[in-house]
Protein chains: 2
Amino acid sequence: MADNKKRQTPITVADKKKRRRPDPNSDDDTHHPFKSLLKPDPLILQTLDDLRSATASSSSSSKTITLDELAVGSTCREVSDLDLPSVQSEIELQMLKVIKSILDGNGFAFEVPSRAAANQLYVPELDRIVLKDKTSLRPYANVSTVRKATVTARLLQLIHQLCLKNIHVTKRDLFYTDVKLFQDQTQSDSVLDDVSCMLGCTRSSLNVIASEKGVVVGRLIFSDNGDMIDCTKMGMGGKAIPPNIDRVGDMQSDALFILLVEKDAAYIRLAEDRFYNRFPCIIVTAKGQPDVATRLFLRKMKLELKLPVLALVDSDPYGLKILSVYGCGSKNMSYDSALTTPDIKWLGIRPSDLDKYKIPEQCRLTMTDQDIKTGKEMLEEDFVKKNPKWVEELTLIVKTKQKAEIQALSTFGFQYLSETYLPLKLQEQDWI
Amino acid sequence: MADNKKRQTPITVADKKKRRRPDPNSDDDTHHPFKSLLKPDPLILQTLDDLRSATASSSSSSKTITLDELAVGSTCREVSDLDLPSVQSEIELQMLKVIKSILDGNGFAFEVPSRAAANQLYVPELDRIVLKDKTSLRPYANVSTVRKATVTARLLQLIHQLCLKNIHVTKRDLFYTDVKLFQDQTQSDSVLDDVSCMLGCTRSSLNVIASEKGVVVGRLIFSDNGDMIDCTKMGMGGKAIPPNIDRVGDMQSDALFILLVEKDAAYIRLAEDRFYNRFPCIIVTAKGQPDVATRLFLRKMKLELKLPVLALVDSDPYGLKILSVYGCGSKNMSYDSALTTPDIKWLGIRPSDLDKYKIPEQCRLTMTDQDIKTGKEMLEEDFVKKNPKWVEELTLIVKTKQKAEIQALSTFGFQYLSETYLPLKLQEQDWI
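To start, this report covers the structure provided alongside it. Here, residues in each chain are numbered from 1, in the same order as that chain's written sequence. To read the labels, note that chains go from A and ligands from 1, taken in the order they are written. Totals for whole chains, interfaces and linings use every residue, but because this is a predicted model, local features are given only for residues with pLDDT of at least 70 and side-chain atom pairs only at 80 or more, for both listing and counting. Excluded from the side-chain calculations are hydrogens and water; all other atoms, namely the structure's heavy atoms, are used.

Points about the nonpolar core
One broad trend across soluble globular proteins is that nonpolar side chains are buried collectively. As a reminder, the rule being used: Residues grouped as a nonpolar core are buried Ala, Val, Leu, Ile, Met, Phe, Trp, Tyr and Cys residues, joined through side-chain atoms within 4.5 Å. When accessible area is computed with a 1.4 Å probe and restricted to protein chains, residues below 20% of their type maximum are described as buried, those above 50% as exposed, and intermediate ones as partly exposed. Contact definition: two residues touch when any of their heavy atoms are within 4.5 Å.
Among the nonpolar cores identified, the biggest contains 239 residues, and A:L259 and B:L259 are the most heavily contacted of them. Once residues within four sequence positions are removed from consideration, A:L259 is found in contact with A:L270, A:F275, A:I282, A:I283, A:V284, A:L310, A:L312, A:L347 and A:L422.

Points about the packing of helix α5 (residues 146-165) of chain B against helix α8 (residues 185-198) of chain B
All names here are of chain B. Applied cut-off: Here the axes come from fitting lines to C-alpha atoms, over the contacting stretch only for helices, and the angles between their N-to-C directions go from 0 to 180 degrees. Secondary structure elements are defined from DSSP: runs of H or I of at least 4 residues count as helices, runs of E of at least 2 residues count as strands, and each element is numbered from the N terminus. For classification purposes, an angle smaller than 35 degrees is called roughly parallel, one larger than 145 roughly antiparallel, one from 65 to 115 roughly perpendicular, and anything else oblique. By definition, turning the near helix anticlockwise from the far helix through less than a right angle yields a left-handed crossing, and turning it clockwise yields a right-handed one.
Relative to each other, α5 and α8 sit at 70°, their axes nearing to 9 Å. Taken together, the axes of α5 and α8 lie roughly perpendicular to each other. Read as a crossing pair, α5 and α8 show a hand that is right-handed. Where α5 abuts α8, its residues R147, K148, V151, T152, L155, L156 and I159 lie against Q187, S188, S190, V191, L192, D194, V195 and M198.

Describing the packing of aromatic side chains
Defined as follows: Pairing of aromatic rings covers Phe, Tyr and Trp, the last counted by its six-membered ring, and requires centre-to-centre distances within 6.5 Å; plane angles under 30 degrees mean stacked, over 60 mean edge-to-face, and any other angle means tilted.
Within this structure, the stated rule accounts for 20 aromatic pairs over all chains. Among the aromatic residues, those joined into a ring-pair cluster are A:F34, A:Y357 and A:Y421.

Here's the deal with the packing of helix α4 (residues 84-103) of chain B against α5(B)
Residue and element names in this part refer to chain B. For the record, the criterion: As a working rule, the residues Ala, Val, Leu, Ile, Met, Phe, Trp, Tyr, Cys and Pro are called nonpolar, Asp, Glu, Lys and Arg charged, and the rest polar, with Gly in that last group.
Taken N-terminus to C-terminus, the directions of α4 and α5 make an angle of 150°; their axes are 9 Å apart at the nearest point. Here α4 is positioned roughly antiparallel relative to α5, judged by the angle of their axes. Relative to α5, the crossing made by α4 is left-handed. In contact with L84, V87, Q88, I91, E92 and M95 of α4, α5 contributes L156, I159, H160, C163 and L164. Classifying every residue of the contact of α4 with α5 gives eight nonpolar, two polar and one charged.

Focus on the sheet that holds strand β12 (residues 248-252) of chain B
All names here are of chain B. Quick reminder of the rule: For two strands to be treated as a pair, DSSP must find at least two bridges joining them.
On the basis of which strands lie adjacent, the open sheet formed by three strands has the order β10-β9-β12 and antiparallel pairing. Across the chains shown, the open sheet's two edge strands, defined by having one partner strand only, are β10 (227-230) and β12. The average undirected angle you get between the axes of adjacent strands in this sheet is 25°. For strand β9 (residues 221-224) and β12, the ladder comprises three bridges, and the chain directions are antiparallel. Bridge pairing links S223 to G249 in β12.

A closer look at the side chain of A:R274
Here A:R274 is to be found in the loop between α9 (264-272) and α10 (275-278). Classification of A:R274 by relative accessible area gives buried; the value is 18%. Leaving out residues up to four positions away in the same chain, A:R274 has contacts with A:T232, A:G235, B:D224, B:N225 and B:D227.

Some details on unusual backbone geometry
Residues and elements named next belong to chain A. Put simply, G348 and I349 share a cis peptide bond, and its omega is -15°. Looking at where I349 falls in the secondary structure, it is placed in the loop between β16 (344-348) and α13 (351-356). Notably, N166 is not glycine yet its phi reads approximately 50°, a positive angle. Residue classification places N166 among the buried residues on the basis of a relative accessible area of 14%. For K358, which is not glycine, the phi torsion reads 50° and is therefore positive. Owing to a relative accessible area of 57%, K358 belongs among the exposed residues under this scheme.

With respect to the environment of A:N225
All names here are of chain A. On the secondary structure map, N225 appears in the loop between β9 (221-224) and β10 (227-230). Assessed through its relative accessible area of 10%, N225 is described here as buried. Taking the C-alpha atoms as reference, N225 lies 8.7 Å from N244; in sequence the two are 19 residues apart.

Structural notes on the sheet that holds β10(A)
Residue and element names in this part refer to chain A. Within the open sheet, the three strands sit side by side as β10-β9-β12. Their pairing is antiparallel. Both outer strands of the open sheet, β10 and β12 (248-252), are each paired with one neighbouring strand and no more. The mean angle between the axes of side-by-side strands here comes to 20°, regardless of whether they run parallel or antiparallel. Each of β9 and β12 touches helix α11 (residues 292-305); the most contacted strand, β12, lies at about 45° to it.

Any functional reading would require information that these geometric values do not contain.
Listed below in structure tokens is the structure:
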């Protein structure tokens with residue numbers, strides 16, 4: 001297809017130069033500030049190994065606490081992962097309850113736990129939010145609830161079908177199976193969340209999946225729907241994170257940590273430079289706002305491999321907000337235990353890095369009023385408050401009103417991120 | 001983590017039923033209309049095999065025509081893929097031109113091809129748009145062009161660097177390497193497109209990549225940055241399409257066709273049911289609007305494997321618009337030859353399918369005025385006009401004002417798409 005004239009042009013100058021694959025240890029054409037501070041890799045690897053052992057021991061020593069062991073056990077219910085048989089029998093139990101209520105002369109009615117904030121409780125021992133015992137009755141014989149009761153029954157039936165056939169569908173599929181009844185998707189979606197609370201299981205346990213957009217690359221081997229995937233052999237594109245976490249298993253890894261990256265561009269840089277070979281790690285990104293599939297996948301990695309999670313996000317309130325979504329879930333689904341990954345460390349880019357790493361003025365952006373508003377809101381959140389150093393950083397950014405993207409590091413050369421900034425951060429154990 | 005009480009509940013009813021993996025040949029709980037019309041798979045495979053041979057022979061017989069062989073050769077320039085050495089020498093030639101212009105006393109100036117629609121020409125023989133010979137001078141010694149000239153020079157230098165280091169960066173990275181000069185990214189982006197036209201090569205040839213969001217699964221083996229990827233062993237998540245097409249190669253496949261899917265939900269259904277095992281194919285999706293990486297990848301598959309491309313999109317003007325983006329590129333980049341995939345067949349969901357497959361009224365959506373406007377605009381496009389059957393379908397949808405999503409098929413059961421609709425479509429060779 002290429003224009004022949006062009007191909008035939010004598011490429012004398014080009015020929016003289018010999019082209020080479022990027023070499024992590026090669027000096028960049030542009031000068032890398034701070035590069036001189038870098039110690040030999042083995043020393044850096046040692047600090048990472050220490051971190052890993054520390055994380056592993058802490059996570060193994062701290063046995064998972066159940067609600068029953070806590071005072072709140074009696075009054076609270078946990079919404080957690082259930083396997084298909086359990087979901088199926090839960091549905092059958094719910095229907096038996098309904099039948100009993102009819103036989104008792106109380107008519108057809110569901111008992112639905114309230115998902116209102118007032119009915120949510122933050123349990124420090126679990127570092128999670130659980131549902132309190134407030135429930136509301138959803139009778140069929142009541143004009144105000146008859147539709148919702150019918151939708152609930154229909155969804156329970158559809159999900160029971162999914163359990164039997166052991167297949168996964170999207171919320172959109174569910175909606176279209178009975179458009180006449182559901183009318184618009186917001187209705188089937190909100191009742192779907194009711195149903196997951198009724199059954200006391202996460203939405204992903206219902207085999208209802210969200211479309212995935214995350215990718216993973218690096219020192220990880222896992223099975224996806226029965227196929228073994230080696231993420232060191234996924235080239236630059238990486239492996240798309242599967243939408244159905246329950247078909248993911250057999251996770252193995254020799255990585256020292258998980259590198260959680262906010263943005264695609266940084267991910268691409270690290271994947272092409274095969275950063276995970278120089279510093280054994282698993283690199284994962286949701287390409288912006290974390291989607292459910294990526295959050296489930298990250299949590300599973302963290303728990304099964306007992307690896308520390310280091311986060312690389314933009315230096316702005318949204319960077320930290322994204323951390324909080326991974327860490328304690330989004331507001332309206334925060335009771336969904338399967339979605340939260342405990343103990344994520346904030347590696348960078350942190351507001352204090354801007355001066356520390358001399359990010360030039362012109363690479364910093366002035367925060368909008370909205371940015372500042374978000375920053376102040378974040379300062380009020382338990383998730384942030386419980387980490388004084390995060391409060392410090394957030395206070396700094398609200399004060400300086402300056403933000404910066406990960407990409408800003410390119411000002412020191414395209415590979416500054418992978419060859420100097422990150423190695424130095426790891427060497428200095430500069431995570432909080 | 002799971003609530004123990006729950007796990008211990010006797011799951012009597014559940015136990016009695018034996019759970020099974022989805023079986024393509026099993027009857028769905030819900031009745032599948034038209035299923036009775038399905039012939040045995042071997043017969044369907046035969047029609048697909050015929051289609052493949054037809055496509056293969058046509059693409060091999062039609063040797064690629066160069067512009068020079070056409071009358072327009074002298075007045076037009078093709079913007080096509082170049083390898084790194086050629087790009088590098090092109091840059092060096094451009095700078096030699098500049099030096100000559102200085103020595104001739106005409107000063108520092110670039111000659112930049114116009115990307116305006118007026119300078120684009122649709123060449124039916126190529127079924128593509130090429131640039132005509134209109135260029136504009138971009139002198140340094142002129143207040144109105146001094147900035148652009150400087151930005152152009154800087155970008156040429158940066159891309160020359162990328163060639164030497166053989167690494168890939170995003171537009172965002174480029175912007176941040178000299179924020180002070182570029183000021184905002186729209187400026188560096190637009191000059192970047194100028195540069196690719198100056199050098200007569202596609203933007204992807206410049207090692208400047210867009211973030212990828214597409215995934216591929218099915219009967220395809222290819223190498224991504226040196227790693228061999230077997231897309232039949234990518235589970236349900238599939239393989240993320242690499243952002244840098246020039247590191248993709250060694251494509252092998254025993255597929256009979258490529259199934260291009262507009263949306264993620266349909267992709268997930270087909271991936272989980274391993275549709276590609278029943279009907280050997282490669283399933284690819286960009287999850288909505290096609291991104292550059294997916295378009296490059298699709299084109300490469302089509303050309304190297306000589307496979308027919310069948311498209312499964314929503315039955316609305318945007319479904320066809322997405323087809324047109326794959327087929328002849330987006331308006332402002334339509335001269336970029338590497339982005340277009342010739343001869344895509346429209347399999348479904350087509351406006352005429354709504355009645356043909358008895359999609360219930362409540363699963364059809366009424367088109368908005370904007371939808372209708374878009375539909376009418378599409379009717380004016382060469383890409384649509386050259387296919388009378390497409391015009392027919394589009395005219396129908398503008399008349400009936402009814403649209404439908406792929407998901408609408410779920411109304412007949414979750415697996416209706418993979419078990420009945422698509423097989424029947426293929427059997428009837430119902431593509432246009």
